[in-house]
Amino acid sequence: LTFLNVSSSFEKMLRAATIAAVAVSATAFMPSATPGLGSMSTRKAMTSLNMAEKVNLKIDLDSPKVATMETLEPGAKVVYCRCWLSETFPKCDGSHMKHNKAVGDNLGPLIVTVK
C-alpha cells in the first residue's frame, strides 16, 4: 500500500488508471450524510448534506488530496475506512462503531473482495 507520492511518469499513470478503475464506487468511501446528526463526536458533525465542514481532520493533512492505491490479488478481501477515524487508515479498525454509538449514526466500512 502506498500513498500518492510518486516519482516516475509510469507510476503516476499506473496510479491514475487504478484510481479511475474504482471511481465508479468512489462514493462508497464518503461518510454518509446523516441529516439527524445533532451532536459532536471525535470529528465535527456535518452541518448539511453538501458537507460544508471538513470531514478529514487527521489523515495526511499536508497533502492536497488523500488518495490511496492498492493492488489486490485474486481471493483477497480488504475492509476500508469510510469514517476517517481509523488509526490504520485507509484500512478500517472499527472506529466507526464508537462514533455510531456516540451520535446514533450508521457509518460502516467498504468491504472489497476480489474473485
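Structural data are supplied above this passage.
So, here is what we can say about the structure in this document. Predicted, not measured: the structure shown is a model, and the values here were computed from it.

**Overview of the overall build of the protein**
- Helices and strands together make up the secondary structure of the protein, namely 2 helices and 4 strands.
- What you see in the protein, going N to C, is helices and strands ordered as β-α-β-β-α-β.
- A total of 115 residues make up the protein; the buried ones form 26% of that total.
- Long-range contacts, defined here as pairs at least 24 residues apart, represent 57% of the contacts in the protein between residues at least 6 apart.
- About 7,600 Å² of surface is accessible on the protein, with carbon and sulfur atoms providing 59% of the total.

**Let's talk about unusual backbone geometry**
- For the peptide bond that leads from Phe-89 to Pro-90, omega is 15°, which places it in the cis range.
- Take Pro-90: it is sitting in the loop between strand 3 (77–80) and helix 2 (95–103).
- Within the chain, Asp-60 stands out as a residue other than glycine whose phi angle is a positive 45°.
- The phi angle at Trp-84 is positive, at roughly 70°, despite the residue not being glycine.
- The topology assignment puts Trp-84 in the loop between strand 3 and helix 2.

**Some remarks on the side chain of Asn-56**
- Among the secondary structure elements, Asn-56 is positioned in the loop between helix 1 (9–21) and strand 2 (68–69).
- Among the polar contacts made by the side chain of Asn-56, one reaches the main-chain amide nitrogen of Lys-58 at a distance of 3.1 Å.
- A polar contact of 2.8 Å, which involves the side chain of Asn-56, links it to the backbone nitrogen of Ile-59.
- Ignoring anything within four residues of it in the chain, the contact list for Asn-56 reads Leu-61, Val-66 and Trp-84.

**Observations concerning helix 2**
- Turning to helix 2, its buried residues are His-96, His-99, Asn-100 and Val-103. Projected down its long axis, helix 2 carries its buried residues within an arc of 100°, all on one side. Exposed side of helix 2, more than 90 degrees from the buried face: Met-97, Lys-98, Lys-101 and Ala-102 are the residues found there.
- Positive phi appears at Gly-104, one or two residues downstream of helix 2, with a value of about 75°.

**Describing the packing of aromatic side chains**
- Following the criterion strictly, the structure yields 1 aromatic pair and no others.
- Ring geometry for Trp-84 against Phe-89: centres 4.8 Å apart, planes inclined by 20°, an arrangement best described as stacked.
- For Trp-84, a relative accessible area of 15% corresponds to the buried category.

**What to know about the pattern of salt bridges**
- Inspection of the entire model under this criterion finds 2 salt bridges.
- Across the pair Glu-87 and Lys-58 runs a salt bridge, and its minimum N-O distance is 2.7 Å. A residue pair is termed long-range when its members are at least 10 positions apart, and Glu-87 in the loop between strand 3 and helix 2 and Lys-58 in the loop between helix 1 and strand 2 qualify at 29 residues.
- The class of Glu-87 is exposed, set by a relative accessible area of 65%.
- The class for Lys-58 is partly exposed, based on a relative accessible area of 37%.

Cut-offs and rules
Residues numbered from 1 in each chain as written. Predicted model: local features only at pLDDT ≥ 70, side-chain atom pairs only at ≥ 80, totals over all residues. Heavy atoms only, no water. Helix = DSSP H or I, 4+ residues; strand = E, 2+ residues; numbered from the N terminus. Buried < 20%, exposed > 50% of the residue type's maximum accessible area, 1.4 Å probe, protein only. Contact = heavy atoms within 4.5 Å. Areas by Shrake-Rupley, 256 points an atom, 1.4 Å probe, with all protein chains shown as cover. Polar contact = N/O pair within 3.5 Å; in protein donor to acceptor, adjacent residues only side chain to side chain. Arc of directions from axis to C-beta. Phe/Tyr/Trp six-rings, centres within 6.5 Å; stacked < 30°, edge-to-face > 60°. Salt bridge = Lys/Arg side-chain N within 4 Å of Asp/Glu carboxyl O.

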